[in-house]
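# Summary of structural features
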Protein chains: 2
Amino acid sequence: MREVVVPLAQRSYTIAIGEGLLDRRDLLAPIVAGRQVAIVSNVTVAPLYAARLRAALEPDADCVIEVALPDGEAHKHWGTLNAIFDALLEHRFDRSAILVALGGGVVGDMTGFAAAVYQRGIDFIQVPTTLLAQVDSSVGGKTGINHPLGKNMIGAFHQPRLVLADVGCLATLPERELSAGLAEVIKHGAIADAAYLDAVERALPALLARDPGALADTVARSCEIKAGVVGSDERESGLRAILNFGHTFGHAIEAGLGYGEWLHGEAVGAGMVMAADLSRRLGLLDAAAAGRLRDAIAAAGLPVRGPAWPADRYVELMSVDKKAERGTPRFVLLEGLGRACVRRAPDDAVRETLAACAPG
Amino acid sequence: MREVVVPLAQRSYTIAIGEGLLDRRDLLAPIVAGRQVAIVSNVTVAPLYAARLRAALEPDADCVIEVALPDGEAHKHWGTLNAIFDALLEHRFDRSAILVALGGGVVGDMTGFAAAVYQRGIDFIQVPTTLLAQVDSSVGGKTGINHPLGKNMIGAFHQPRLVLADVGCLATLPERELSAGLAEVIKHGAIADAAYLDAVERALPALLARDPGALADTVARSCEIKAGVVGSDERESGLRAILNFGHTFGHAIEAGLGYGEWLHGEAVGAGMVMAADLSRRLGLLDAAAAGRLRDAIAAAGLPVRGPAWPADRYVELMSVDKKAERGTPRFVLLEGLGRACVRRAPDDAVRETLAACAPG
């Protein structure tokens, strides 16, 4: 088992990474002993893993209830969140209760937000079951729900007490979702650690074959990188923005297609190719490096071109992205592999990138 | 103008107290300059004061919008909260936007919670227009909404950047609401400062006549007392519980009657009489002190008896109160005027108090 500590003073917590962690009563007991526990999952994941997790929790907890949400981003809204509150209140869960999020990013975001606001804040544990959730949403404390006018518009920063990243759960993950998780892995290398990007490129065949050792190494290093960034900027005032590499273009793709059409990681894959192309056009990145990143994204099974829309449509979609302050989009770009920066980019360069990477 | 600082490290803020503060552009400008501002109020208060506040904000803000919520506790739910989010998103308010809560406790709680979770947290300013809000909800950072299964069950701790307590606004406050605010004022004296309780008793005629100087003195001292308690226990893990003096009985009254039938302060008034009676029965408080507190509550225009229900009904209602951990109610009691403590009380003493103070 590997451990990564996310350093956030009194809110510091440990990410435990390995195979079979779902069953590790010894890891859970110190936190859940004597407490009311709610396992919050969805109708897809719960039948696969909830019984094992419950068996690990029940000997030490005061009681364990289960809440199964509908599956999918389309349900990441207040109505579904309220189903969690209903269950907690019906079972008279008090402020010392703890939630356990068992599932991917949507379950984690909603459960974390429910914990952030139930009785003004209770504890929660993340048990991420997708690669994306293990490398991305298990670090950083971002929780929330969507609003009809914007994704993740309602939420809170709320840190888990513990994350159990069981790479054994990735055995049942659909192939597209595995690739989508690799998009964030590649991103971590691209923005912060060229040597890690090398290692990921070499490990791609093993990762795609779901080799537990390769997966655990990768989840651990990705979490370390993200933890380093988040630890120095918990509330996303500066450095943390580099984690949005590929996301300005990616969010435009997701918003334009309708969320859920492409997976988030797929949109980020194509978005990173675009951001690297834009970096090259601005003289920040050489063509060989941009090409190498593109090849790694393709080898991970991800799209490298955006949907064929006119540039105007992309520009309009990007202008409403929430990272765009008052309509002027900023971009996370690369000044070499492993080194990210945040810049405003001239409109003509952005349009050249769109013409090259998403010819409409 | 008086100023009380609420000492919460990086989240410290100032409560400015006086007459005519609604118009004080100089107090608002340092915080709102260049920012998108939303005045959130209700349909009763907005026509009285929103135009003045807007005039003070507009010269320095980037823009000012207004959101008028329906009036009353019955609307303190997700649907109303979402009306705030709709307005913010329709006007493309970003993370640097700031909300200004103009109204009583319901407006303050909802606006503060909207600020706590909009884009994972933005700033807000409180402009409380009721005595209760000025002395109580403007200190402590408690925000939230109700759930059908419990009051204030969904919320967050989120501190304002500034509170403007304009005692001039109390001129238009209905008499019952003025008295309800005095319940919390008397509570502050009873739990923490016997000399202040003396002063409040003497000042009651001036307070009921809405003398601005007497009101400002009282709001300032009550805020100091509450700030002192909250500053040492921001997350309500211990000492802060003493602020619930009168609230275990009071919440039972509110829940049993249906929220809104009695004002919160009215229920707390009767609840404090009960808590003092219970303190006396447990040998903590002498009869003269309990009687004096009861007289002050009556003189403030508040009820001193609970509704005439059987004791069983009160006991059942108190068992679901959220301060009751796992069904065993704790009580905030007095060990003398000005000195509160938290104790579990024997069931027979509680029933004797109910028989005496709310004969059913």
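Anything mentioned here points back to the structure above.
This section reports on the structure supplied with the text. (Residues numbered from 1 in each chain as written. Chains lettered and ligands numbered in written order. Predicted model: local features only at pLDDT ≥ 70, side-chain atom pairs only at ≥ 80, totals over all residues. Heavy atoms only, no water.)

## What about the overall build of chain A?
Scanning chain A from terminus to terminus reveals 13 helices and 11 strands. A globule of 360 residues ought to have a C-alpha radius of gyration of about 21 Å, and chain A, at 20 Å, matches this closely. Along the first, second and third principal axes, the C-alpha atoms of chain A reach 60 × 40 × 35 Å. Looking at chain A as a whole, 61% of its 360 residues are labelled buried. Per element, the accessible surface of chain A, about 12600 Å² overall, is 51% carbon and sulfur. Of the charged side chains in chain A, 36 are positive and 43 negative; the average position of the first set lies 4 Å away from that of the second. (Helix = DSSP H or I, 4+ residues; strand = E, 2+ residues; numbered from the N terminus. Rg over C-alpha atoms; globule rule 2.2 N^0.38 Å. Buried < 20%, exposed > 50% of the residue type's maximum accessible area, 1.4 Å probe, protein only. Areas by Shrake-Rupley, 256 points an atom, 1.4 Å probe, with all protein chains shown as cover. Lys, Arg positive; Asp, Glu negative; His and termini not counted. Charge placed at Lys NZ, Arg CZ, Asp CG, Glu CD.)

## Description of the sheet that holds strand β5 (residues 98-103) of chain B
All names here are of chain B. Spatially, the seven strands line up as an open sheet ordered β1-β2-β9-β6-β5-β3-β4, and their pairing is mixed. Of all strands in the sheet, those with a lone pairing partner are β1 (2-6) and β4 (63-69), marking the two edges. Averaged over all pairs of adjacent strands, the angle between their axes in this sheet comes to 20°, without regard to strand direction. In this structure, strand β3 (residues 36-42) lies alongside β4, joined through seven bridges in parallel fashion. If you follow Gln-36 over to β4, its bridge partner there is Cys-63. Where helix α1 (residues 25-32) meets the sheet, it contacts β2 (13-18), β3, β5, β6 (123-128) and β9 (162-166), and its direction lies at approximately 160° from that of β9. Against the sheet, helix α3 (residues 78-90) touches β3, β4 and β5, its axis set at about 160° to β4. (Pairing = 2+ DSSP bridges. Axes fitted to C-alpha atoms, helices over the stretch in contact; angles between N-to-C directions. Contact = heavy atoms within 4.5 Å.)

## A few points about helix α2 (residues 46-57) of chain B
All names here are of chain B. By the burial criterion, the buried members of α2 are Ala-46, Tyr-49, Ala-50, Leu-53, Ala-56 and Leu-57. One side of α2 holds all its buried residues, which, seen down the axis, span an arc of 125°. In α2, the exposed positions that point more than 90 degrees away from the buried face belong to Pro-47 and Ala-51. As for α2, its buried residues are in contact with α1, β3, β4, β5 and β6. (Arc of directions from axis to C-beta.)

By themselves, these are just geometric observations and shouldn't be taken as functional.
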